[in-house]
Amino acid sequence: MNQEASSNSDTSFFGHPAGLTTLFFTEMWERMSYYGMRALLVLYMSASLQEGGLFFTVAAATAIYGLYTGSVYFMGLPGGWLSDRMFGGQKAVFYGGVIIMIGHIILAVPSNGTFFIGLIFVVLGTGLLKPNIAALVGELYSETDKRRDAGFALYYMGINIGSVLGNIICGWLQVNAGWHWAFGAAAVGMAIGLIQYKRTEPKLKGIGSQPTEPLSPAGRRKTWAAIGAFLAALAIITGLTYNGTIVIDPVKLAQYVAIFFAVVFVIYYSRIYFWGNLTSNEKQRLQALLLICVASICFWSGFEQAGSSMNLFALDFTDRMIGTFEIPTIWFQSANSIFIIALSPFFAALWINIGKRFVSPVFGIKAAIGLIIMASGFLVMFFAAQYAASGLKVAPYWLITTYFLHTVGELCLSPVALSAVSRLSPRRFLGQMMGVFTLTYSIGNIISGLLAGNFDPNNVEQLPSLYMQILVFGVGIGAVVLLIGLYTRKLENLPADDDKFEEKAA
Ligand code: GLN
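All values derive from a computational prediction rather than experimental measurement.

A. Fine view of the nonpolar core. Ranked by internal contacts, the top residues of the largest apolar core, which has 140 residues, are Tyr68, Tyr155, Phe313, Leu418 and Tyr467. In this structure, Met86, Phe87, Ala92 and Leu128 belong to the second largest nonpolar core, which totals five residues.

B. Representation of the packing of helix α12 (residues 309–317) against helix α14 (residues 363–389). Relative to each other, α12 and α14 sit at 30 degrees, their axes nearing to 12 Å. Along this stretch, α12 crosses α14, giving a crossing that reads as left-handed. Touching Met310, Phe313 and Phe317 of α12 are Phe378, Met381, Ala384, Ala385 and Ala388, all from α14. Here the contact of α12 with α14 is built from residues that sort into eight nonpolar, no polar and no charged.

C. Focus on the state of the cysteines. Counted under the stated rule, the structure contains zero disulfides. Unpaired in this structure, Cys293 has its nearest cysteine sulfur neighbour in Cys298, at a distance of 11 Å.

D. Highlighting the site of the ligand. Taken together, Arg31, Tyr35, Tyr73, Lys130, Tyr156, Ile159, Trp300, Glu304, Tyr441 and Asn445 make up the full set of residues adjacent to the ligand. The contact in question runs from an oxygen atom of the ligand to an N or O atom on the side chain of Tyr35, over 2.6 Å. At 2.5 Å from an oxygen atom of the ligand is found a side-chain nitrogen or oxygen belonging to Lys130. Within the complex, the protein chains bury 96% of what would otherwise be the 290 Å² of accessible surface of the ligand. Taken together, the elements giving at least two residues each to the shell around the ligand come down to α2 (19–46), α7 (148–176) and α16 (430–452). Each residue belonging to the shell around the ligand can be placed in one class, and the counts come to six nonpolar, one polar and three charged.

E. Just the packing of helix α3 (residues 58–74) against helix α10 (residues 250–275), in detail. Across the interface, α3 lies against α10 with an axial gap of 9 Å and an inter-helix angle of 25 degrees. Considered as vectors, α3 and α10 are oriented roughly parallel to each other. The interaxial crossing formed by α3 with α10 has left-handed handedness. Counting all contacts with α3, which are made through Ala59, Ala60, Ala63, Ile64, Leu67, Gly70, Ser71 and Phe74, the residues of α10 involved are Pro250, Val251, Leu253, Ala254, Val257, Phe260, Phe261 and Val264.

F. Representation of the environment of Trp351 within the structure. One can find Trp351 in helix α13 (residues 331–357). C-alpha of Trp351 to C-alpha of Ala153: the two residues are 198 residues apart in sequence and 8.8 Å apart in space. Excluding anything up to four places from it in sequence, Trp351 contacts Asp149, Ala150, Ala153, Lys366, Leu411, Cys412 and Val416.

G. Region of interest: α7. Look at α7: 42 Å from first C-alpha to last across 29 residues, which is about the 42 Å you get at 1.5 Å a residue. After α7 finishes, the residue Gly178 shows a positive phi value of roughly 120 degrees.

H. Examining the confidence of the model for the protein chain more closely. The predicted model of the protein chain has a mean per-residue pLDDT of 87, with 94% of residues at 70 or higher. Counting interchain partners and residues more than four positions distant, the pLDDT-below-50 stretch residues 1–7 has nine contacts.

I. Structural view of unusual backbone geometry. Although it is not a glycine, Lys205 sits at a positive phi angle of roughly 50 degrees. Its location among the elements puts Lys205 in the loop between α8 (179–200) and α9 (217–242). The exposure class assigned to Lys205 is partly exposed, which follows from its relative accessible area of 42%. The phi angle at Asn277 is positive, at roughly 60 degrees, despite the residue not being glycine. Topologically, Asn277 is positioned in the loop between α10 and α11 (280–303).

The rules behind these values
Residues numbered from 1 in each chain as written. Predicted model: local features only at pLDDT ≥ 70, side-chain atom pairs only at ≥ 80, totals over all residues. Heavy atoms only, no water. Core = buried A, V, L, I, M, F, W, Y, C linked by side-chain atoms within 4.5 Å. Buried < 20%, exposed > 50% of the residue type's maximum accessible area, 1.4 Å probe, protein only. Axes fitted to C-alpha atoms, helices over the stretch in contact; angles between N-to-C directions. Helix = DSSP H or I, 4+ residues; strand = E, 2+ residues; numbered from the N terminus. Left-handed = near helix turned anticlockwise from the far one by under 90°. Contact = heavy atoms within 4.5 Å. Nonpolar A, V, L, I, M, F, W, Y, C, P; charged D, E, K, R; others polar. Disulfide = S-S within 2.5 Å. Near = heavy atom within 4 Å. Polar contact = N/O pair within 3.5 Å; in protein donor to acceptor, adjacent residues only side chain to side chain. Areas by Shrake-Rupley, 256 points an atom, 1.4 Å probe, with all protein chains shown as cover. Parallel < 35°, antiparallel > 145°, perpendicular 65-115°, else oblique. Expected span 1.5 Å × (residues − 1). pLDDT = per-residue confidence, 0-100.

Printed below as a string of structure tokens:
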């Protein structure tokens, strides 16, 4: 309580609690390392051996890419669980960061053989760090603090500054020094983030210093044994894959994994909902949150075309010449982050104003609007693809306009959804709920990959229909979410009942 009162009155970081500086910069550096490496991943895997790459087929490289990004967010589930029960958010973030850094150091070693081991480390570390750092941001604000959405908008800006830095630094190093120097830069970025985190940890004023649902000593022993068994199994499978005993078909695996993620999401959400010993208010708040999760899955399945079909559209069907200068294809990838950085302050102010005018946080409605705006970007792509189908190359502003709409949609949905998870989840399940929520990223990323599988540069006639499908799907689901959101708005405002639970537990 005291903690909440003090953080409430703390306005030292652009009107937000000082702890937000710590989390903002840690996540910024973590994302610098993540996006810097991610931008090179497919290129590295598909580059020839002479170019220092792994010489995989494009199909295998994109499937591995989808599996990697999906698994990174999937591991948020155990990461959130371990934070709630074993470590507390603060330690989980630190350990996660250390594991990520080790992963990038392994990738920096100039040997192709260690590549997958490095990736596995990054996946495990991100699972521990990503949901828990977002949960800590939420804990900076009290239940009634109107700055929460704005705080997440600011935090989101940190994510995207990191992403731009990663693209520029790692992209430059790759061209001028080589792949492994670029991977090494990601390790250095994470190291800076960790040093900064440790130095400014006191600003968090003890939030997340303890697990919210601590296990008994026997439970801790069992969990350590389970972690050991999991890591041993992982090591054995990796070893057998390396020596050729197990042969993995990445495309098939990606399809099964998509179904697996969706099933896990349903089971996990139901488990907390039905067997989490929740009060009636808590259950109704989780109903409101489920709507936002559905919106989030649909949102990312459309949005993530950026790295796949829209990236190829930039390459094959966009006239990238300005006079004698050719815009590099990869530059289109930064449009989203640059728009986020430019628009975030505006959205942070907008949410504060809306928060002041209306009592309700209206998470569901904002998410629905975000989904509809993102989907409307595909109307632009539909027309652009029609021009392309008629044999013309289109001007760059078609893609830029789409990225602009996608960014506006993202700012209505993504930081708002994080804020909603932090506010609507029972506090004792916060880490896990952030983990469940990051699973919506995994599912969205994989569905997006499956959708993008329809992109065939040699059969451009079917491209408008791909974009039309995404448009109809996004606007349709967005409209349904909007209608349901008008109802769940009431549920979003039910009291949290955390105190009641604490009394009951005592
Ligand atoms: N850009 C956001 C982040 O890195 C969202 C990522 C995603 O794919 N959902 O946190």
